[in-house]
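# What the coordinates show
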Amino acid sequence: MSEVSHIATLSRIQQALKCKSRSDNTMATNSTNFYDLYRHGSLGTTLTDALDDLIGAERIDPQLAMKVLTQFDRIVAESLSEKVKARLTFKGSLDTYRFCDEVWTFLIKNVTFKMDNGSHSVVADKVKIVSCSAKRTDEK
Amino acid sequence: MEQLPLPSSLTEVEALIRALYSRNSPETISKIQEVLQRLQKSPQGWQLASSLIASRDENVRFYAALTLIVKLNRDSAELSEDDAKGLIENIVGWVLQSLADGTSAFVTKKLSSALVTYFIHFSHLWPNCVRHYVHCLDLGRGVSVDGLDDALPTSELVAKLSPQQLKAAIWFATSLVEEVGKIDMNSPKFAIVHDRLVKNASDVAYLLARSFSQPLNTPGPKIQDDALNCFQAWILYAQRVPSNTDVLITPLRELVDPAMNCFADQELFQPTAELFSDVLSNYSSFLTESHYGALASLFDSPWAAEHYNRTIHGNHEEEGISFGLLMLAYGDAKVQDLMTSPDDRSQRFLEKLSGLLAADGYVVSDDAIFVPALEFWSTFVETMIDNTFSDEEETKSWKPYADQHLKAIVMNCWRKIQFPPAETFTEWDSSERVGFSDGRKDVADMLQSIFTLNASSLVSFFADLFLQSVAAQAWAEVEASAFCLGSLSDCLSDNPKYDFELSKIFDLSFFELLGEAHGSVPLRLRQTGLSLIERYCEYFERHAEYLPHALNLLFAAVGDPVLGSPSARSISTLCSSCRSILTGEAGAFLRHYQVIRNGQVLDSLVEERIILAIASIMQAIPDENQRLETFNDLYVLLKNDLDLAVRLKAHPGLLNLSDPNILRGVDPPNPQVTPSADEVSLQIALRSLRCLANVGRGMQDVKEHPVDLDHDPPPKRIGAKLASIQADIMGVIIEVQRNFSTSGEMIEIICNILRAGFSETEPGPFVLPPDVVTDYLVQQTFKTPRVGTLLSTVCSFVGSLYSGPKLFVPNHLARLLPWVISILKALPEPEDDAEICQNGIGLVEKVMARYPEVLFQLQPSQMLEFFFMFSLKVLNGKEPLPKSAAAEFWSSFIALKSDDNPSLQATISGATNHLGPLIALTLVQNIGGNAARSEIDRLTEPLKKLISNHPRAQAWLQQALFHESFPSIQVTAEDKMLFLKKIVGLRGARSTNQVVREFWLSCRGSNFAYVS
């Protein structure tokens, strides 16, 4: 295990996680251009639960739910890329890293996060960072 | 809403359509829409569309086209092949008619969309749609698809088209690729539609080639504009289509050079630049080396020099930055080649890109190219880092050149991030200010990357700039230098190697400069300077000689309305980091604090941070007596404030708003309406308690002590003085709470004070004896505000008990458990307060996991029964957090074993046998469709434990699956048995989650399979 002083910014991670956003309608409406990984976050799962409720109450049909999720994929990627300006730095010991199928994974131990406004630090025993290329292979 | 009757004649329908597009109330429009949609959906919809298209009213004809699209999407299956062939002839005929009679473009475009919709549904009948459409355009009428083989070659047909016809064909080709591109490419159902579309690419290429060959620089609208748009849409499609074969790519690639010629026309420059920027950014492999060569030559031309000049010196708002973005897109696509090629052309191009960071005006408000250019240079630096560390030897040929560019961009960025004069800054709107600040942060990010390559030179560069700027009293430059140095603090502050450079900055003149409260030094520079001190607190740890200067400077600024908050933050960071150096100064700090607070009412947050700072110094005082004495001095101040709050509450007549101590409870400091004594007393109490909580935080030990995992930690003896302080703190807390019993905020702060001691291993004023904490907690009732927060504090308290001596833990738990359950019992319904419910269940689970005997010996035993039923009810409920806590509780319960205590094991087994069927029933009802999708994994945990721990689980689950309350009718008895067989066979393995998820989906029905 190599001790590193790894400094990264949240914005850069977000940059890596985002898919290239485009103003073109064709791109915006095509689900294949945005990762669906944010669906597994708390916002995504809550949205899916809410959509399930609406389908269960016959207020919407599944096709609309699917479109909503596609929009969600796009909006999250765009918002993280364009609107979220908060950033942080972190230091820790890089335990493991790998690059497989265009996905970088870092396991970092004893991590200290420093917020942008310097208000406080957050520590974690172990952090896993999964980052996908800003441009998907089919876009390159 | 009352429905309108269906119209009885075509005239009435037309009248309705006209009314739809007229100014009408939303209710009227909704009613009209509803009746028209009923007509569209009716079997007569086809006939209706065909009749309406003949109308003279363009709105009616537009609606006819819309009706066609609706019918094609809804009812295309009901058309026979002959009808469908006839329909395409008709639609094409209508488009041609629209073109011929000069109908507005919006109608013709809608009809083109109808053609596209037709293609999506009947691509097998209209595979060569572009060629057929062009053929019809040539003939001037819609003809049968069957006769297409006899038509002229497409190239000749295209050559014969009039400009207007060519334009119509381009519209159709654009709409075709855009709409078909929206259809799922991975679906087998639509794969054939995409295949057929791809085969039309060569025909589209004829159209585009003809369009691009039209003369440039002619007045009026140009066909090339539409052609560029169409070309862009086809390239985007080619990029995304899974099998982007030569059939598609080759004809499109041949159009790149003709499209590039459009740069020559000033009016076409914008769309052409957008097209190429788009392709370079998103699909750089589409362009060949020859295309890149052509672009490189273009950038080297006088034409490009003129555009570049306008980008650097022009007005971005009026003229745009398309050329700059085009250059950046090219740079991005060829970054590797540009970086490693020392040839003149590449170096000239990189120089120009570096120049984009030096455009006229301020970032964002005037200069729109800076941020995109910075993004390119960040990529450049990252690429440089990758190359440098992968093959150091190879870098020698190009690194000197690249380093020169880095120097230039660092200098340009340093100039660009300098704040404008205050009067200019105040004129900016909020988005411009935020944009400017974000631009600075982006520069800071890039500097951190450059540091990886050129650490020492970068630090000395900014240190020198700082000193030169100070000498010249160029304050904006000083501020920018300090900001850049601050941005590098994470990279270098803990490395003494750079202290020599930093010492040039942090000398006496630095502190004197920032100490000039009323001098010429702008406020912003003072802010950045104070932040610089905080960022380099590790430097001050190594150079304690500067610490007093730094702290004096910071303390002098705490009363300032702008600088107060950042100064206090810097003080707390610095004091916390350098606590062991400052222990001798604790008394002086305290006196200084008293002087400040006697002189003015500090902002509450500022005061809390100062107190935190002083407490952290106190914590490091090695001698206990001295430590407690200093603590007491501070504590007495806060206690006096709390006494004052209690007295004021009891005697409102004491309210005197000229008394500085009472003013501490007035927020804002100069209220328009005189606040009541009640309000002021509460605010004083809250403020003082918050300060006390910060003392607790500051007194927390920052050193890590060894933990003996094999032995119980010995009980810590505490002296009489410490015991008396602890008793006093607890007494004050109880007294204040009694006087302000309705304040929820107060309970939260009290919880923070209690928590401050839970994590400590050494005795201290806030490390209260467990008896005292337990006594306090069990006195609280359901009516105490924020009782959920108290329960969460109990969870932390129990955790701290587990890490201390074990001997008395069961006694504490035996007192706390009945109290917690009594709180839960007081809830009218389990889900009435999610926080209480979640924390209550969580606490019981925590107790059961370590001391199950305490739980099972709970008296009276009905309490335990109540709790089991309560948590089963929660598990079957809808509140996500309590439900999650209940799932975790039952998961632990099912796996509970006590091998060394046979009597307890017998009790556990008895309880499990009794509760097993109920647990199984509740879990199955959830898995059978009641649970939300996001809860399935959590609910699967107790299920897995049940299967792997209890032999009767299969019977219980079977019973539950066939129970009358099973929520779904979508699954058969066989499905249920198959599910049971699968999960039992898996014996609690991880793949059970997937099986459960699939079963949940089957129970919910196919409507819920919309998400992967």
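Computed from a prediction, not measured in an experiment: that's the story for all the values here. (Residues numbered from 1 in each chain as written. Chains lettered and ligands numbered in written order. Predicted model: local features only at pLDDT ≥ 70, side-chain atom pairs only at ≥ 80, totals over all residues. Heavy atoms only, no water.)

The next point concerns the overall build of chain B. Across its full length, chain B carries 55 helices and zero strands. Along the three orthogonal principal directions, the C-alpha set of chain B runs to about 110 × 85 × 65 Å. Out of the 1012 residues belonging to chain B, those deemed buried represent 52%. Across chain B, every contact between residues at least 6 apart in sequence was considered, and the portion connecting residues at least 24 apart equals 73%. When the accessible surface of chain B is totalled, it reaches about 44,200 Å², and 51% of it is carbon and sulfur. (Helix = DSSP H or I, 4+ residues; strand = E, 2+ residues; numbered from the N terminus. Buried < 20%, exposed > 50% of the residue type's maximum accessible area, 1.4 Å probe, protein only. Contact = heavy atoms within 4.5 Å. Areas by Shrake-Rupley, 256 points an atom, 1.4 Å probe, with all protein chains shown as cover.)

All names here are of chain B. Scanning the model with the defined rule gives two cavities of 30 Å³ or more in all. Its boundaries defined by the atoms lining it, the second largest cavity holds a volume of some 30 Å³. Contributing to the lining of the second largest cavity are Gln 232, Ile 235, Leu 236, Asp 278, Val 279, Asn 282 and Tyr 283. Listing elements by their share of the lining of the second largest cavity, those giving two or more residues are helix H12 (223-240) and helix H15 (269-282). Looking at the lining of the second largest cavity residue by residue, the classes come out as four nonpolar, two polar and one charged. (1 Å grid on protein atoms, 1.4 Å probe; cavity = no way out; pocket = protein on both sides within 12 Å on 5 of 7 lines; lining within 4 Å. Points joined across faces, edges and corners; volume = space filled by probe spheres on them. Nonpolar A, V, L, I, M, F, W, Y, C, P; charged D, E, K, R; others polar.)

Right, let's get into the nonpolar core. Residue and element names in this part refer to chain B. In terms of nonpolar packing, the biggest core is built from 345 residues, with Trp 234, Ile 533 and Phe 893 touching the most fellow members. With eleven residues, helix H39 (residues 624-650) is the largest single contributor of residues to this core. Setting aside anything within four residues of it in sequence, one finds Trp 234 in contact with Ala 173, Leu 176, Val 177, Leu 197, Ala 201, Val 204, Leu 248 and Leu 252. (Core = buried A, V, L, I, M, F, W, Y, C linked by side-chain atoms within 4.5 Å.)

Glancing now at a nonpolar patch on the surface. Residues and elements named next belong to chain A. On the surface, Tyr 97, Phe 99 and Trp 104 cluster together into a nonpolar patch covering about 350 Å² of accessible area. When you line up the elements, Phe 99 lands in strand E1 (residues 88-100). Here Phe 99 falls in the partly exposed class, since its relative accessible area comes to 43%. (Patch = residues over 30% accessible without salt bridge, like charges linked within 9 Å, V, L, I, M, F, W, Y side chains within 5 Å. Salt bridge = Lys/Arg side-chain N within 4 Å of Asp/Glu carboxyl O.)

Moving on, we get to the packing of aromatic side chains. Residues and elements named next belong to chain B. In the structure shown here, the tally under the stated rule is 62 aromatic pairs over all chains. The rings of Phe 263, Phe 269, Phe 276, Tyr 292, Phe 299, Trp 303, Phe 323, Tyr 330 and Phe 349 are connected pair by pair, giving a single aromatic cluster. Just above the ring of Phe 425 sits the side chain of Arg 524; from NZ or CZ to the centre is 4.6 Å. Note that Arg 1004 overlies the ring of Phe 1008, its terminal NZ or CZ placed 4.9 Å from the centroid. (Phe/Tyr/Trp six-rings, centres within 6.5 Å; stacked < 30°, edge-to-face > 60°. Lys NZ or Arg CZ within 6 Å of the ring centre and 35° of its normal.)

Here we come to the side chain of B:Thr272. All names here are of chain B. Tracing the chain through its elements places Thr 272 in helix H15. There is a polar contact of 2.5 Å between the side chain of Thr 272 and the backbone oxygen of Leu 268. With residues near it in sequence (within four places) discarded, Thr 272 still touches Leu 228, Ala 259, Cys 262 and Phe 263. (Polar contact = N/O pair within 3.5 Å; in protein donor to acceptor, adjacent residues only side chain to side chain.)

With that settled, the discussion passes to unusual backbone geometry. All names here are of chain B. The omega torsion across Gln 859 and Pro 860 is -5°, close enough to zero to call that bond cis. Mapped onto the elements, Pro 860 comes out in the loop between helix H48 (852-856) and helix H49 (861-875). A positive phi angle, close to 55°, is found at Gln 473, a residue other than glycine. At Arg 786, a position not held by glycine, the phi torsion is positive, near 50°. Relative to the assigned elements, Arg 786 resides in the loop between helix H44 (770-778) and helix H45 (787-802). Residue classification places Arg 786 among the partly exposed positions, given a relative accessible area of 40%.

Time to look at the environment of A:Thr96. All names here are of chain A. Counting through the fold element by element, Thr 96 comes out in strand E1. Residue Thr 96 is classed as partly exposed on the basis of its relative accessible area, which comes to 29%. Counting along the chain gives ten residues from Thr 96 to Phe 106, while the straight-line C-alpha distance between them is 5.9 Å. Excluding residues within four positions of it along the chain, Thr 96 makes contact with Thr 105, Phe 106 and Leu 107. Engagement of the side chain of Thr 96 in a polar contact is seen with the side chain of Asp 95, the distance being 3.0 Å.

This next bit is on the pattern of salt bridges. All names here are of chain B. This structure, assessed with the given rule, holds 46 salt bridges over all chains. Ionic pairing is found between Lys 71 and Asp 75, a salt bridge with its closest N-O pair at 2.6 Å. On the criterion of helical spacing, the pair formed by Lys 71 and Asp 75 is a turn pair, its members being four residues apart in helix H4 (residues 58-75). Of the two residues, Lys 71 and Asp 75, neither departs from the other in class, the shared state being buried. Its salt-bridge partner being Lys 873, residue Glu 829 comes within 3.6 Å of it at the nearest N-O pair. Of the two residues, Glu 829 is situated in the loop between helix H46 (809-825) and helix H47 (834-850) and Lys 873 in helix H49; the sequence distance between them amounts to 44 residues. By sharing partners, the salt bridges in this structure join Arg 597, Glu 607, Asp 641, Arg 664 and Arg 687 into a single network.

The analysis is restricted to geometry; functional conclusions fall outside its scope.
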